[in-house]
Amino acid sequence: GPMLATGGSARPCEETVREMLTHSLELVEILEAKVDGRDPEAVLVRAKVAQGGVVREAPYLLRVERQDGVWKLRL
């Protein structure tokens with residue numbers, strides 16, 4: 001929960017974490033990370049993710065934002 005971005009379109013942390021646990025999502029590997037051209041305080045990350053112990057073929061695109069000096073994940 002504390003690692004999730006808040007504000008804007010973000011759902012409440014508890015709801016997001018509950019959904020991730022329900023779907024058994026797990027980070028496997030970071031494939032690429034680059035600064036978002038629209039916002040220098042955000043990084044777009046391509047990552048391999050497993051669901052239910054099976055690695056998904058297509059990578060996920062995640063957004064990480066700096067909030068109050070800390071990097072947080074926005075889903």
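Above this note sits the structure.
Residues numbered from 1 in each chain as written. Predicted model: local features only at pLDDT ≥ 70, side-chain atom pairs only at ≥ 80, totals over all residues. Heavy atoms only, no water.

Novice: Help me understand the pairing of strand 2 (residues 39-51), please; the structure alone is not making it clear to me.
Specialist: Consecutive side chains of a regular strand alternate in pointing toward one face of the sheet and then the other. In this sheet, strand 2 lies alongside strand 1 (residues 25-36) in antiparallel orientation, the contact comprising 10 bridges. The residue of strand 2 that forms the bridge with Glu 29 is Lys 48. Between the end of strand 1 and the start of strand 2, which pair antiparallel, lie 2 residues. Two strands pair when backbone bridges link them, and strand 2 and strand 4 (residues 60-67) are joined in this way by 6 bridges, in the antiparallel orientation. Looking across to strand 4, one finds that Arg 46 is bridged to Leu 61. As paired strands, strand 2 and strand 3 (residues 54-55) are joined by 2 bridges and run antiparallel to one another. The residue of strand 3 that forms the bridge with Gln 51 is Val 54. From the end of strand 2 to the start of strand 3, which pair antiparallel, there are 2 residues, and Gly 52 there has a positive phi angle of about 65 degrees. (Pairing = 2+ DSSP bridges. Helix = DSSP H or I, 4+ residues; strand = E, 2+ residues; numbered from the N terminus.)

Novice: Which parts of the structure should I look at to understand the environment of Val 54?
Specialist: Following the sequence through the fold, Val 54 ends up in strand 3. Take Val 54: its relative accessible area is 56%, and that puts it in the exposed class. Remark: the alpha-carbon pair of Val 54 and Ser 24, spanning 30 residues in sequence, is separated by 9.7 Å. (Buried < 20%, exposed > 50% of the residue type's maximum accessible area, 1.4 Å probe, protein only.)

Novice: It is not clear to me how the environment of Pro 59 should be interpreted in this structure. Could you clarify?
Specialist: Along the chain, Pro 59 turns up in the loop between strand 3 and strand 4. On the basis of relative accessibility, which here comes to 37%, the residue Pro 59 falls in the partly exposed class. Placed 11 residues apart in sequence, Pro 59 and Lys 48 show a C-alpha to C-alpha distance of 4.9 Å. Apart from the residues lying within four places of it in its own chain, the contact partners of Pro 59 are Leu 31, Arg 46 and Ala 47. (Contact = heavy atoms within 4.5 Å.)

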